[in-house]
Amino acid sequence: KDMTFEMQESLKRELDGAMESGDEIKLYDGDQRYGDKEKTIAVRTALFGDYNLGFEGPFGNGGHVNSLYVKSGACVANGVRYYRSHYQNTNYNFARLKLGGVDALVVATHLEPNWPKNHRAMRAEQMAELLAFVGNERHVIIAGDFNIEDQAELKPFADAGFVLANDGGLKTWHVSDPKQAIDNVIVRRFRISNARSVPAPKLSDHCLLSCELELSR
C-alpha cells in the first residue's frame, strides 16, 4: 500500500509539474504499462480525483484510452465511437461541454498506428470520419495521438479551417528520445498559446503535449 501511494503521489507531482493547475481540460491516453485495471483506477484517482467531470475511454492494453477530464464546466452530452475503419479498435471519446458560456465539442482520440503494417490510408479515413463528426461545430478541440508519419497527413484539418498546436516542431515520441511529432491539439475558434512538449516517463511512452486555449467568439 505504501508503495502504491508513493507511485500515485509521484505520478501526480509529475503531471502537476507538467501542466498548470488551472487547466480546465486534460486528455489522457492511458499508459499501456499499467498491467491491470485495479492499478489503472488507482492511478487515475490520484491524478484526476479533484476533477468534477470524467469521461473514460474504453479499457484496453492496461489503461483507459482517450479519457477526458474536466475541472470546471457542464456536460451536455458525451459518448465513445469506434472508427468504422480500424485494425486495433481505435476510437474517439467526445463530450459537448459548456465552457465560458458557449458550447464546445471536445474529442480525445487515438488514430491507427503503423503496426503491424503501414496504416496511413486507414488514418486518412479516420480523419475524414472525425471531420464529418464535428461538422460545422463552432468551437472544437480534437486532441490525442494521431500516429502520423509526417505533417502532410494532417492537411485535411488545416484545409477545414482548424489550427494545430503542434506544427511538427514539438517531438513527443518516444519519451526516452523524442524524434516524432505524433501528438497534437487541433482546434477551431480557440487561440493557442504556450504549446510545449513535456517528458513524463512515469506517465506514458509519449511526452505530454500541453497548451493553453482561449475561446475565440
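Residues numbered from 1 in each chain as written. Predicted model: local features only at pLDDT ≥ 70, side-chain atom pairs only at ≥ 80, totals over all residues. Heavy atoms only, no water.

Trainee: Give me the lowdown on the overall build of the protein chain, citing residues and values where you can.
Mentor: On a plain count of helices and strands, the protein chain comes out with four helices and 13 strands. Residue burial in the protein chain is summarised as follows: out of 217 residues, 47% are buried. Considering only contacts in the protein chain between residues 6 or more positions apart, those separated by 24 or more positions represent 61%. Summed over its atoms, the accessible surface of the protein chain is roughly 10,700 Å², and 50% of this surface lies on carbon and sulfur atoms. (Helix = DSSP H or I, 4+ residues; strand = E, 2+ residues; numbered from the N terminus. Buried < 20%, exposed > 50% of the residue type's maximum accessible area, 1.4 Å probe, protein only. Contact = heavy atoms within 4.5 Å. Areas by Shrake-Rupley, 256 points an atom, 1.4 Å probe, with all protein chains shown as cover.)

Trainee: So, the pattern of salt bridges: which residues are in play, and what are the values?
Mentor: Evaluation of the coordinates by the stated rule reveals 11 salt bridges. When the shortest N-O distance is used, the salt bridge between Glu153 and Arg123 registers 2.9 Å. One end of the pair, Glu153, is in the loop between β9 (140-145) and α4 (155-159); the other, Arg123, is in helix α3 (residues 120-134), with 30 residues separating them in the sequence. Judged by relative accessible area, Glu153 falls into the buried class, the value being 7%. The network of salt bridges with common partners includes Arg120, Arg123, Glu149, Asp150 and Glu153. (Salt bridge = Lys/Arg side-chain N within 4 Å of Asp/Glu carboxyl O.)

Trainee: Please set out the sheet that holds β9 residue by residue, giving values where relevant.
Mentor: Strands sit in the order β6-β7-β8-β9-β11-β10 across an open sheet of six strands; the sheet is mixed. A strand with exactly one partner marks an edge of an open sheet, and here the two such strands are β6 (74-82) and β10 (163-164). Sitting on the sheet, α3 is in contact with β6, β7 (91-99), β8 (102-110) and β9, with an inclination near 165° to β8. (Pairing = 2+ DSSP bridges. Axes fitted to C-alpha atoms, helices over the stretch in contact; angles between N-to-C directions.)

Trainee: Describe the pairing of strand β5 (residues 67-70), and please don't skip the residues or the numbers.
Mentor: Looking along a regular strand, one sees the side chains alternate between the two faces of the sheet. Burial along β5 is two-sided: Ser67 and Tyr69 and Leu68 and Val70, pointing in opposite directions, are all buried. Of the pairings in the sheet, the one linking strand β2 (residues 53-55) to β5 comprises three bridges and is antiparallel in character. By the bridge assignment, Phe55 is partnered in β5 with Leu68.

Trainee: Just give me the short version of the pairing of β8, but keep the residues and values in it.
Mentor: Burial analysis of β8 places eight of its nine residues in the buried class, the great majority of the element. Two strands pair when backbone bridges link them, and β7 and β8 are joined in this way by eight bridges, in the antiparallel orientation. Among the inter-strand pairings, Tyr92 is bridged to a residue of β8, identified as Thr109. Linking two consecutive strands that pair antiparallel, namely β7 and β8, is a turn of two residues; a positive phi of about 60° is found at Gly100 within it. Where β8 meets β9, six bridges bridge the pair, whose relative direction is parallel.

Trainee: Give a description of the packing of aromatic side chains that names residues and reports values.
Mentor: Tallying each qualifying case throughout the model produces seven aromatic pairs. Relative to Tyr92, the ring of Tyr83 lies with its centre 5.0 Å away and its plane at 45°, an arrangement referred to as tilted. You'll find Tyr83 and Tyr92 in the same group, each marked buried. Chaining the aromatic ring pairs together yields one cluster made of Tyr83, Tyr92, Phe94 and Phe133. (Phe/Tyr/Trp six-rings, centres within 6.5 Å; stacked < 30°, edge-to-face > 60°.)

Trainee: Quick one: what's the story with unusual backbone geometry, residue by residue and with numbers?
Mentor: Glycine aside, negative phi is the norm for most residues, and most peptide bonds take the trans geometry. Here the residue pair Trp115 and Pro116 is connected by a cis peptide bond, since its omega of 0° sits within 30 degrees of zero. Take Pro116: it is sitting in the loop between β8 and α3. With omega at -5°, the peptide bond leading from Trp173 into His174 counts as cis. Its identity as a non-glycine residue notwithstanding, Asn89 has a phi of 55°, on the positive side. Within the secondary structure layout, Asn89 lies in the loop between β6 and β7. Positive phi values are uncommon outside glycine, yet Arg189 reaches one of about 60°. On the secondary structure map, Arg189 appears in the loop between β11 (183-188) and β12 (190-198).

Purely spatial values, then, with no claim about function.
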